[in-house]
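Here's the letter readout for the chains.
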Amino acid sequence: MALFEAVVAAQASLIAQWMLIGFVHGVMNTDNMTISGETIDYGPCAFMEAYDPETVFSSIDFWGRYSYGSQPMVASWNLARFAEALLPLLSNNIEESVALAEESFGVFQPTYDAVWSSGMRAKLGLPADLDAAVVTPLVDELLGLLQESHVDYTSFFRHLGHAARGDREPARGLFVNLAGFDAWASRWLALGPDAETMDRTNPIYIPRNHLIEEALAAASAGDLDPLGRLLEAVCAPYHERPGLERYPSPAPEDFGRYQTFCGT
């Protein structure tokens, strides 16, 4: 059971890290998960821009099974299938095998919650030992505000770093519900967020969908420069550099709904 428990913990940690940066795998079939807890076979993957748990990119995911917000649930389902394959090895008694598997699977939620909570504290620049009773409602309210105003997930947290230094406007300007953001920000600022922690945790550059399409189109025509520039940006995602000013920006409005495909 130590093997299964280790796999469950590794996957719970991995999925929480995906969620923290807005990564959508896109095709989380059982054969696309590893016992090592690494990310593999993510052809139709993409990074979420406007925060929405129902974000789907894969062209074949008609029902949203692999949406951003569904990823922890799908990981749990996949791990249950792995457990079923191990049952004959756990005990000659099927009921005992199931009980052992269920007990080991119990590490999933605590591990996921711990990694998610720790990551969110860092994204918000809050102390690691801050009471969960304070952090959890603060995060839940923030995610609701982000969804309500269709705020770009990645750039918001970078702008929030400016708010921690005294300038709310870059983050505030992303919201329709200004009063809601102001009330939330006042409570957050009262906790003394650390801007340097936020800078180390929240990326400036991600492989944004319109930039990927631009790089693919150019490469198909024999021009690898856009690909090189995109790689230059995302290979050091936390460090702002001159010449890369367009790379943190969300897709233009005329870019439309983005779809990805297996083999991308």
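Rules used throughout
- Residues numbered from 1 in each chain as written.
- Predicted model: local features only at pLDDT ≥ 70, side-chain atom pairs only at ≥ 80, totals over all residues.
- Heavy atoms only, no water.
- Phe/Tyr/Trp six-rings, centres within 6.5 Å; stacked < 30°, edge-to-face > 60°.
- Helix = DSSP H or I, 4+ residues; strand = E, 2+ residues; numbered from the N terminus.
- Buried < 20%, exposed > 50% of the residue type's maximum accessible area, 1.4 Å probe, protein only.
- Lys NZ or Arg CZ within 6 Å of the ring centre and 35° of its normal.
- Patch = residues over 30% accessible without salt bridge, like charges linked within 9 Å, V, L, I, M, F, W, Y side chains within 5 Å.
- Areas by Shrake-Rupley, 256 points an atom, 1.4 Å probe, with all protein chains shown as cover.
- Salt bridge = Lys/Arg side-chain N within 4 Å of Asp/Glu carboxyl O.
- Axes fitted to C-alpha atoms, helices over the stretch in contact; angles between N-to-C directions.
- Parallel < 35°, antiparallel > 145°, perpendicular 65-115°, else oblique.
- Left-handed = near helix turned anticlockwise from the far one by under 90°.
- Contact = heavy atoms within 4.5 Å.
- Nonpolar A, V, L, I, M, F, W, Y, C, P; charged D, E, K, R; others polar.
- 1 Å grid on protein atoms, 1.4 Å probe; cavity = no way out; pocket = protein on both sides within 12 Å on 5 of 7 lines; lining within 4 Å.
- Points joined across faces, edges and corners; volume = space filled by probe spheres on them.
- Core = buried A, V, L, I, M, F, W, Y, C linked by side-chain atoms within 4.5 Å.

(A) Region of the structure containing the packing of aromatic side chains. Scanning the entire structure with this criterion turns up 17 aromatic pairs. For the ring pair Trp184 and Trp188, a centre distance of 5.6 Å and an interplane angle of 15 degrees mean the geometry is stacked. Of this pair, Trp184 and Trp188 both sit in helix H8 (residues 178–189), 4 residues apart, which is roughly one turn of the helix. On the basis of relative accessible area, Trp184 is assigned to the buried category, the value being 0%. Here Trp188 falls in the buried class, since its relative accessible area comes to 0%. Ring pairing ties together the aromatic residues Tyr51, Tyr68, Tyr153, Phe156, Phe157, Phe175, Phe181, Trp184 and Trp188, which thus form one cluster. Taking the ring centre of Trp77 as reference, the NZ or CZ of Arg81 above it sits at 4.5 Å. Over the face of the ring belonging to Phe157 we find Lys123, whose NZ or CZ atom lies 4.3 Å from the ring centre.

(B) Structural context of the environment of Ala114. Along the polypeptide, Ala114 turns up in helix H4 (residues 108–123). Given a relative accessible area of 46%, Ala114 falls into the partly exposed group. Put simply, Ala114 and Ala12 are 102 residues apart on the chain and 9.6 Å apart in space, counted from C-alpha to C-alpha.

(C) Expanded view of a nonpolar patch on the surface. Taken together, the side chains of Ile60, Phe62 and Trp63 present a nonpolar region at the surface, about 480 Å² in accessible area. Looking at the element boundaries, Ile60 is found in the loop between strand E2 (46–47) and helix H2 (71–90). For Ile60, a relative accessible area of 52% translates into the label exposed.

(D) Layout of the packing of helix H6 (residues 153–164) against H8. The N-to-C vectors of H6 and H8 enclose an angle of 60 degrees; their axes lie 11 Å apart at closest approach. In terms of axis orientation, H6 runs oblique to H8. Pair H6 / H8 crosses with right-handed handedness. Across from Phe156, Leu160, Ala163 and Ala164 in H6, the residues of H8 making contact are Phe181, Trp184, Trp188 and Leu189. Tallied by class, residues from the contact of H6 with H8 come to 8 nonpolar, no polar and no charged.

(E) View of the layout of surface pockets. Of the volumes computed, that of the largest pocket is approximately 620 Å³. Around the largest pocket sit 27 residues that line it, and Phe23, Cys45, Phe47, Pro207 and Ile212 are the ones nearest its centre. Of all the elements in the fold, those that place two or more residues in the lining of the largest pocket are helix H1 (2–21), E2, helix H10 (209–220) and helix H11 (225–234). Sorting elements by how many residues they give to the lining of the largest pocket places H10 first, with 5 residues. The residue makeup of the lining of the largest pocket, split by class, is 22 nonpolar, 5 polar and no charged.

(F) Representation of the nonpolar core within the structure. Judged by nonpolar contacts, the single largest core of 57 residues is most densely connected at Trp116, Leu124, Leu146, Phe156, Leu160, Trp184 and Trp188. Taken together, the elements giving at least two residues each to this core come down to H1, strand E1 (23–24), E2, H2, H4, helix H5 (132–148), H6 and H8. With 10 residues, the top contributor of residues to this core is H1. Among residues more than four places away in sequence, those in contact with Trp184 are Leu124, Leu138, Glu141, Leu142, Leu145 and Leu160.

(G) Broad picture of empty space enclosed by the protein. For the structure on display, the rule yields 2 cavities of 30 Å³ or more. Approximately 40 Å³ is the volume attributed to the largest cavity. Around the largest cavity, the lining residues are Gln11, Leu14, Ile15, Trp18, Met28, Asn32, Met33, Thr34, Glu38, Thr39 and Ile40. For the lining of the largest cavity, the residue count by class is 6 nonpolar, 4 polar and 1 charged. Taken as a whole, the second largest cavity holds about 40 Å³ of empty space. Leu20, Ile21, Lys123, Tyr153, Thr154 and Pro203 together form the lining of the second largest cavity. Those elements that place two or more of their residues in the lining of the second largest cavity are H1 and H6. Of the residues in the lining of the second largest cavity, the class split is 4 nonpolar, 1 polar and 1 charged.

All we've got here are geometric facts, nothing functional implied.
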